[in-house]
Amino acid sequence: MTLYKVFQAGSAFLYVVRVAILVYCVLSWFRPRNNLFLWLETFIRPFVAPFRRLSVWLMSRTRMPLDFSCWFAIIGLSIVERLWWWLYRLLRLIG
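Conventions adopted
Residues numbered from 1 in each chain as written. Predicted model: local features only at pLDDT ≥ 70, side-chain atom pairs only at ≥ 80, totals over all residues. Heavy atoms only, no water. Helix = DSSP H or I, 4+ residues; strand = E, 2+ residues; numbered from the N terminus. Buried < 20%, exposed > 50% of the residue type's maximum accessible area, 1.4 Å probe, protein only. Contact = heavy atoms within 4.5 Å. Disulfide = S-S within 2.5 Å.

Draft legend 1. Spatial organisation of the environment of Tyr88. Tracing the sequence through the fold places Tyr88 in helix α4 (residues 69-94). Overall, the relative accessible area of 11% leaves Tyr88 in the buried class. The spacing of Tyr88 and Arg31 is 57 residues in sequence and 40 Å in space, taken between C-alpha atoms. If sequence neighbours within four positions are ignored, Tyr88 has contacts with Leu3, Tyr4 and Phe7.

Written out as structure tokens, the structure reads:
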């Protein structure tokens, strides 16, 4: 397996996680607590959990009852993907 394929697979995984977070958000508005929703909640929890504290802090400061943790997680995953490809380019230059 080439280095490019490994990085492409990692990027595809990050994309799947971002889409899962978006689907979870949409389901939470319309059909919460069905089987797909519960499975997605279990799948995305490790990616969203680090941003829960920031979201709670923001909700207490702004007094808005909106949970921004999924939005923060999507932004964080996008940054990780950019760094992921930056690492790939760096490894190609070194190797």
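Draft legend 2. Region of the structure containing the side chain of Glu81. Take Glu81: it is sitting in helix α4. Among residues more than four places away in sequence, those in contact with Glu81 are Ser11, Leu14 and Arg18.

Draft legend 3. Spotlight on unusual backbone geometry. Of note in the backbone geometry, Arg63 takes a positive phi value of approximately 60 degrees without being a glycine. For Arg63, the position within the fold is in the loop between α3 (52-62) and α4.

Draft legend 4. Broad picture of the state of the cysteines. All chains considered together, the criterion is met by zero disulfides. Left unpaired, Cys70 is separated from the closest cysteine sulfur, that of Cys25, by 3.6 Å. You can call Cys70 buried: its relative accessible area is 6%.

Structural measurements only, silent on function.
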